[in-house]
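# Overview (structure and organization)
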Amino acid sequence: MFALPNKGRISEPVLKVLEKAGLKITVKGRSLFANTVDENIKVMFARARDIPEFVADSVADIGVTGYDLVLERNVEDKVDFLLDFGFGFAKLVLAAPENSEIKSVDDIKEGMRVATEFPNLTRKYFEKLNKKVEIIELSGATEIAPFIGIADLISDLTSTGTTLRLNRLRIIDEIISSTTRLIANKNSLKDKEKKEKIDQIVIAIKSVLFAETKRLIMMNAPKDKVEEIKKLIPGMSGPTVSEVLSDDNMVAIHAVVNEEEIFTLVPKLHALGARDILIVPIERIL
Ligand SMILES: Nc1ncnc2c1ncn2[C@@H]1O[C@H](COP(=O)(O)OP(=O)(O)OP(=O)(O)O)[C@@H](O)[C@H]1O
Ligand SMILES: O=P(O)(O)OC[C@H]1O[C@H](OP(=O)(O)OP(=O)(O)O)[C@H](O)[C@@H]1O
Ligand SMILES: [Mg+2]
């Protein structure tokens, strides 16, 4: 059983990656379960917040959730981290109103109230600092707490910083940093058949994440410039060079290159006489 977030900000990007990975999850409306292209892989939809426990307790064999939520549920020792999706980046930070006297951790006094959706991580953070504070658990919109007099500061997730800025809150310290992860139940990994399926899923997802940073570049180029072009695009196993039947002096070249290199690469290829340059997205690289 594969547990996936049913809503929230990581749900859609995760489903997109799995779609590209060829899992073909057939979701019918708001249903709680779904089938996949592989009859041995069933999907269940749950809140990202609950998925760490579902995986730790063997309700699901694997699941996708935030690293922050695994730590918050205190199950990091009960699950294995199989891969990092590289998105869903957020930091759990301690923040106080800009006009508050709290400017650093040292200004936090005994008995101050901290509002949060992450009571366990926040409690642990203050225990380490040996500071006694009161944790006020909220289930969202934590930013409002200092302004309605129910807390002195908050600990909340931030990624772009927009929410904190908008609410005139200043970061005091960083508690943890998080991204979206694939986690597995340790016993499921010990089961030979399940392990085999899980490995297939991991390879499929990795192939998608890897391909997202790459492009296939294709071009026609003068034969006598091939060596120079090769130096510009080493490719994954060297570029492929093939004949152009209509023109003896030209060859067709294709190679896989890093997406971020393309902007500077193209003018150099042009200068060497490359023509008909095509840059094509790649769905998966295995
Ligand atoms: N602003 C953000 N930017 C990037 N990732 C985030 C952000 N906020 C949360 N996340 C990640 O997404 C996970 C799920 O958070 P999200 O808020 O989407 O779900 P939720 O709290 O279950 O839903 P909702 O907030 O709609 O009730 C978080 O634990 C974190 O890992
Ligand atoms: O730094 P930013 O890019 O502005 O993102 C941070 C915001 O995103 C999350 O809220 P979410 O949308 O999940 O709402 P919630 O507070 O109700 O969980 C988080 O709790 C912050 O409020
Ligand atoms: Mg949220």
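A brief look at the structure comes next. (Residues numbered from 1 in each chain as written. Chains lettered and ligands numbered in written order. Predicted model: local features only at pLDDT ≥ 70, side-chain atom pairs only at ≥ 80, totals over all residues. Heavy atoms only, no water.)

If you check the shell around ligand 2, you find 13 residues, and the closest are R9, E143, S159, T160 and T163. Measuring from an oxygen atom of ligand 2, one finds a backbone N or O atom of A141 at 3.3 Å. Surface burial for ligand 2 is 69%, taken as the share of its 490 Å² of free accessible area covered by protein chains. Among the cavities detected, the one that contains ligand 2 is the largest pocket. For the shell around ligand 2, the secondary structure elements donating two or more residues are β9 (153–158) and α5 (162–166). Top element by residues in the shell around ligand 2 is β9. It accounts for 3 residues. (Near = heavy atom within 4 Å. Polar contact = N/O pair within 3.5 Å; in protein donor to acceptor, adjacent residues only side chain to side chain. Areas by Shrake-Rupley, 256 points an atom, 1.4 Å probe, with all protein chains shown as cover. 1 Å grid on protein atoms, 1.4 Å probe; cavity = no way out; pocket = protein on both sides within 12 Å on 5 of 7 lines; lining within 4 Å. Sits in = over half its atoms within 2 Å of the grid points. Helix = DSSP H or I, 4+ residues; strand = E, 2+ residues; numbered from the N terminus.)

Sheet architecture is open: 6 strands sit in the order β2-β3-β1-β4-β11-β5, paired in mixed fashion. Of all strands in the sheet, those bounded by a partner on one side alone are β2 (33–35) and β5 (79–84). Neighbour to neighbour, the strand axes of the sheet diverge by 30 degrees on average, direction disregarded. Packing of helix α1 (residues 11–20) onto the sheet brings it into contact with β1 (2–5), β3 (42–46), β4 (62–66) and β11 (180–185), and relative to β1 it is tilted by some 135 degrees. Across the sheet, helix α7 (residues 192–211) is in contact with β1, β4, β5 and β11; its angle to β5 comes to roughly 30 degrees. (Pairing = 2+ DSSP bridges. Axes fitted to C-alpha atoms, helices over the stretch in contact; angles between N-to-C directions. Contact = heavy atoms within 4.5 Å.)

Read these as geometric descriptors, not functional statements.
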